[in-house]
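Residue-level structural notes
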Amino acid sequence: MGRLAVRFIMSLVMLLTLGLPVLADNLDDAKAAIKQRDYNTAFSLYLPLAEQGNQEAQYALGQMYSKGLGTEQDVTTAASWYEKAADQGHLLSQVQVGRIYFLITNDLVKAHKWLNVITLRKIEGAKKLQLFAKQMRNDIAKEMTPEEIEQAEKEAQDWILKNEK
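Everything numeric here is computed off the predicted structure, so don't read it as measured data.

On to unusual backbone geometry, then. Despite not being glycine, R37 shows a phi value in the positive range, around 60°. Of note, R37 is situated in the loop between α1 (3-35) and α2 (39-51). By relative accessible area, which is 63% here, R37 ends up exposed. Although it is not a glycine, N106 adopts a positive phi angle of roughly 60°.

Okay, here's the thing in structure tokens:
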């Protein structure tokens with residue numbers, strides 16, 4: 001490896017290392033703003049973190065859009081942020097996106113998929129949440145065709161195989 005490449009990699013490592021405390025500080029500041037009910041500040045702090053892929057910030061934005069805190073209420077945008085966090089394995093986001101797909105958009109396959117993901121994962125300390133997700137998934141399945149259930153189960157299994165290692 002050439003000297004220029006080594007310098008580039010070292011610079012990149014330093015930048016990433018220096019940036020991590022800033023992300024943590026912004027997340028803590030956003031949480032503090034929520035506690036103080038300063039939703040506009042919290043929103044402005046969570047947004048760049050969520051855009052950078054922070055699942056906790058993505059979940060928080062889902063909550064804020066869902067309830068209209070610091071932004072206009074927008075369930076579609078809430079679902080989008082929840083799904084980004086859910087796709088990274090954020091458990092509460094998986095529940096929320098499943099609920100939105102069931103109760104609001106009536107996309108039963110996606111709702112069943114996300115609730116099934118929660119039900120099938122091996123998650124320590126989440127037994128009550130998994131039981132809740134299982135009951136909701138079973139209720140949704142009553143409104144689905146066998147083909148839809150099969151598709152949702154396949155999507156859940158695919159997600160687990162891809163993400164649970």
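Along its 13 residues, helix α4 (residues 75-87) runs 18 Å from first to last C-alpha, staying within 8% of the 18 Å computed at 1.5 Å per residue. Looking at the packing, one finds that the buried side of α4 touches α2, α3 (55-67), α5 (91-103), α6 (108-120) and α8 (146-163). For α4, the N-terminal cap is D74; the gap from its side-chain oxygen to the backbone nitrogen of T76 is 3.1 Å. Backbone geometry just after α4 places G89 at a positive phi near 100°.

Conventions used here
- Residues numbered from 1 in each chain as written.
- Predicted model: local features only at pLDDT ≥ 70, side-chain atom pairs only at ≥ 80, totals over all residues.
- Heavy atoms only, no water.
- Helix = DSSP H or I, 4+ residues; strand = E, 2+ residues; numbered from the N terminus.
- Buried < 20%, exposed > 50% of the residue type's maximum accessible area, 1.4 Å probe, protein only.
- Expected span 1.5 Å × (residues − 1).
- Contact = heavy atoms within 4.5 Å.
- Polar contact = N/O pair within 3.5 Å; in protein donor to acceptor, adjacent residues only side chain to side chain.

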